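Residue strings, one per chain:
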Amino acid sequence: MQIRRSLIDLDDLSTGELDAVFERTAAFEAGKVRPTLAGFACANMFFEPSTRTFASFNLAELRLGAHVINLAPKDLSLATKGESLEDTAITLSAMGIGALVVRHAESGFPARIARAFDGHVINAGDGSNAHPTQALLDIYTMREEFGDLRGRSVAIVGDIVHSRVAHSAIHGLQRLGVAIVLVGPPAFLPERYAHDGIRIERDFDAVLGECDAVMLLRIQRERFADMPIDDREYVARYRLDDARLRRLRSGAIVMHPGPYNRGMELDASVLEYIGWRYARQVHHGVAVRMAVLDVLVNGC
Ligand code: NCD
């Protein structure tokens, strides 16, 4: 059996591996956990702030019995002593680290390290490129709600162009036959996104009654210099609030990868909405990451 080396984006997982990840996620959540990573060393390297992803990778590794080290970027010789990324990768694999979980502001950084590292690399978010484990937990959350996702519809709303979450979700949801409508102003949603059956829509109100799930996004202010649209205009057109919630289809769910900014992409009424699934997403994030680690290291 060939064991998959790394997870840089969802394309790295075959359909069989995707199924294995979801099956294992369910088993782990049902308490069927064995120390399948006992004695295996994982290192987490987060060059960008992270609460959810960092903590859940740590928990996932610990729950599978791995040895875990967290390499803070400011302490790495890479940052301060001129050591190259490639030489850092050689060093870490020489001491027996088998998996590296990497987050970085530069798109392509985890792929670069994967080429030099003799082990598994998991992308925990690179620039605006990809965030595959977030997409997996988003899909898992939707499957829990709806079962088979074929024919379901999702609106992804907001700053699409800078969102690695959106990019990986689009990939994954398309593969599973979900109808995708992207919603946002031109500066956050260029026309080029309308391809392969993906619809783009400028008017949030026009899609409220027709989707099974709404995925809200944070405006990624750290990835651009000037806000291209006035905050008040953005809020008026794209914030999910009480009036818009009332127009959602019955049974529709609302998701957000976090961190969410109250007052911008959502208001407090969303946090009370019966279909608000943020905590469910965070919950699934731990078992999904356990499943990814287990599938990569031990095979399907
Ligand atoms: C996101 C990220 O870092 O890409 N958060 C996450 O990992 N759950 C989204 C964001 O920062 O807005």
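Here the structure is a predicted model, which is why all the values come from computation and not from measurement.

Topic: helix α11 (residues 278-298)
Residues lying three or four places apart along an α-helix face the same way, a consequence of the helix completing one turn every 3.6 residues.
1) Next: Compared with an ideal rise of 1.5 Å per residue, which puts 21 residues at 30 Å, α11 spans 30 Å between its outermost C-alpha atoms and is within 8% of the ideal.
2) Next: If you look at α11, its biggest bend is around 30°, right at G285.
3) Next: Burial within α11 is extensive, with 16 of its 21 residues counted as buried.
4) Next: Just downstream of α11 lies G299, where phi reads positive at about 85°.

As for the sheet that holds strand β2 (residues 67-71)
The pairing of strands in a sheet comes from backbone hydrogen bonds and takes either a parallel or an antiparallel form.
1) Next: Here four strands make up an open sheet; going across it, the order is β2-β1-β3-β4 and the pairing parallel. The open sheet has two edge strands with one neighbour each: β2 and β4 (120-126). Neighbour-to-neighbour, the strand axes of this sheet turn through a mean angle of 15°, independent of strand direction.
2) Next: Sheet topology places strand β3 (residues 97-104) next to β4; five bridges connect them, and they run parallel. Among the inter-strand pairings, A99 is bridged to a residue of β4, identified as H120.

Digging into the pairing of strand β1 (residues 41-46)
1) Next: With six of six residues buried, β1 is to be regarded as a mostly interior element.
2) Next: Burial along β1 is two-sided: the face carrying A41, A43 and M45 and the face carrying C42, N44 and F46 are both buried.
3) Next: In terms of strand pairing, β1 meets β2 through five bridges, oriented parallel. Following the sheet pairing, C42 is matched in β2 by V68.
4) Next: Of the pairings in the sheet, the one linking β1 to β3 comprises six bridges and is parallel in character. Looking at β3, one finds that A43 is bridged to L100.

Thresholds, definitions, all that
Residues numbered from 1 in each chain as written. Predicted model: local features only at pLDDT ≥ 70, side-chain atom pairs only at ≥ 80, totals over all residues. Heavy atoms only, no water. Helix = DSSP H or I, 4+ residues; strand = E, 2+ residues; numbered from the N terminus. Expected span 1.5 Å × (residues − 1). Bend = angle between axes of the 7 residues up to and from the residue. Buried < 20%, exposed > 50% of the residue type's maximum accessible area, 1.4 Å probe, protein only. Pairing = 2+ DSSP bridges. Axes fitted to C-alpha atoms, helices over the stretch in contact; angles between N-to-C directions.

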